[in-house]
Amino acid sequence: MARDPAFLQKLVERSPDLPTLPVVLVRVQQALADPRVSAARIGDILHEDQALTAKTLKLVNSAYYGFPQKINSVTRAIVILGFSKVREVLLTASVFEAFRKDGDGSAFDATGFWMHSLGTAVASQAVARHLRMPSADEAFVAGLLHDLGKVVLAQHLKPEFQQVAALTSQEGILMVRAEERVMGVNHTAIGRWLVERWNFPPGLVAPIRFHHQPALAREHRELVHAVHLGDILARALELGNGGDGRIPEIDPTVWHQNNLSLAALDRCMGETLEGFRKSGAFVDLIQGKAA
C-alpha cells in the first residue's frame, strides 16, 4: 500500500538520508544575498572546496558558454560572466553530485533522466531568451531542477516508484498522472518539498511546483512558463528520458499569454539542439567523469 501524502511530505522535509547541498555552496548563496559582496570574496569561499571549484571551472570553460580564452579562477569567472551565471554553474555541479548514484538498478534510467533535465535546462533558457525574459540564467537552473522529485522518488521511495513505473508502462500515461494515482501527489510536490528544505529562493521553487500546471502559478510566472515549454520541447526533441515517453500538451494559458507561434517554437527548438550539442562538459558530470 502506498504511503499517504502527509507521510511523504514529512519524509522529504526531515529524512537524514536525503542529499544535502555542499556547505560551501550554501555559504556562497548566503554571501550573494549581500549586494556589496565582491567576486574575490566568493572566490575565497569556493576555494575551500577544490572539487567543486574544479567542476565549476570545467563548466565555465565548456563550449556551452563559448568564452574564447580559458578562465583559470572562479574570481575571474565571476568578473567575466557575472554572479548569476556562476551561481547557475555551481548549482548545476552540486545537484549532479548530490544525486549521482543510480535509482534502483533497473527501472530508473538515471543517465536518461539527467539528460532530459539538461535538455529541459537548455530549452528553458532558449525560451526565456526568445521571450526576452530578464531571468534566462535562472531558467537554465529551474529547467535543470524541474523533475528533482522524480529522482527523490526513485532513490528514496522505491516501492512507490516501482508502482508508478509499472502503471506508467501498462497504461501509457504521463508519469505525473501515475504518481497522483499511486501516491495522491506527484513529483512536483516532492521536488518542491526538497528545494524548500534546501532554502532555495521562491523563483526556483515555483517552476518545480507548477511546470505541469502553469495556470496555477501566481508568482514567477515567466520562469514557470519557460520551464513548462522547455520540458515539452526537450521531450519533443527526444533529449534524454522523461520517464514516460510522452509529450504533454502546451497549456493554453502559456500559449496565449506569450503570443506563441509554431515558428517561434521552431526557433527555440533549433537553439535548444545547438546548445545541447555544446553541452559535453555537462554530460561528463552526468556520467560521473572527473573534472
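None of the values given here were measured: they were computed from a predicted structure.

Attention now moves to the overall build of the protein. Scanning the protein from terminus to terminus reveals 17 helices and 0 strands. Overall, the C-alpha framework of the protein stretches about 50 × 45 × 35 Å when taken along its three principal axes. Burial statistics for the protein: of 291 residues in total, 54% are counted as buried. Summed over all atoms, the accessible surface of the protein reaches about 12900 Å², with 50% contributed by carbon and sulfur. Charge separation in the protein, taken as the distance between the mean sites of 31 positive and 31 negative side-chain charges, equals 4 Å.

At a closest axis distance of 6 Å, the pairing of helix 9 (residues 148–156) and helix 10 (residues 158–171) adopts a crossing angle of 115°. As the angle between them shows, helix 9 and helix 10 are arranged roughly perpendicular. Contacts between helix 9 and helix 10 involve L153, A154, Q155 and H156 on the former and, on the latter, K158, E160, F161 and V164. When grouped by side-chain class, the residues that make up the contact of helix 9 with helix 10 number 4 nonpolar, 2 polar and 2 charged.

So, on to the packing of aromatic side chains. On inspection of all chains with the given rule, the structure shows 11 aromatic pairs. Ring centres of F113 and W114 lie 4.9 Å apart, and the angle between their planes is 80°; this geometry places the pair in the edge-to-face category. With respect to burial, F113 and W114 carry one shared label: buried. Site record: aromatic cluster; members linked through ring pairs are F96, F108, F113, W114 and F161.

This part is about unusual backbone geometry. The phi dihedral of N199 falls on the positive side, at around 60°, and the residue is not glycine. If you trace the backbone, N199 turns up in the loop between helix 12 (187–197) and helix 13 (202–210). A positive phi is found at N259, a non-glycine position, where the angle reads about 50°. Position of N259 among the secondary structure elements: in the loop between helix 15 (252–257) and helix 16 (262–277). Since its relative accessible area comes to 69%, N259 is described here as exposed.

Glancing now at the nonpolar core. Counting residues in each nonpolar core, the largest one holds 78 residues, and the members touching the most others are F99, L148, W198 and F200. Not counting chain neighbours up to four residues away, the residues in contact with F200 comprise L21, Q29, L91, L145, V195 and V205. Listed in part, the 14 residues of the second largest apolar core include L223, A226, L229 and C268.

Thresholds, definitions, all that
Residues numbered from 1 in each chain as written. Predicted model: local features only at pLDDT ≥ 70, side-chain atom pairs only at ≥ 80, totals over all residues. Heavy atoms only, no water. Helix = DSSP H or I, 4+ residues; strand = E, 2+ residues; numbered from the N terminus. Buried < 20%, exposed > 50% of the residue type's maximum accessible area, 1.4 Å probe, protein only. Areas by Shrake-Rupley, 256 points an atom, 1.4 Å probe, with all protein chains shown as cover. Lys, Arg positive; Asp, Glu negative; His and termini not counted. Charge placed at Lys NZ, Arg CZ, Asp CG, Glu CD. Axes fitted to C-alpha atoms, helices over the stretch in contact; angles between N-to-C directions. Parallel < 35°, antiparallel > 145°, perpendicular 65-115°, else oblique. Contact = heavy atoms within 4.5 Å. Nonpolar A, V, L, I, M, F, W, Y, C, P; charged D, E, K, R; others polar. Phe/Tyr/Trp six-rings, centres within 6.5 Å; stacked < 30°, edge-to-face > 60°. Core = buried A, V, L, I, M, F, W, Y, C linked by side-chain atoms within 4.5 Å.

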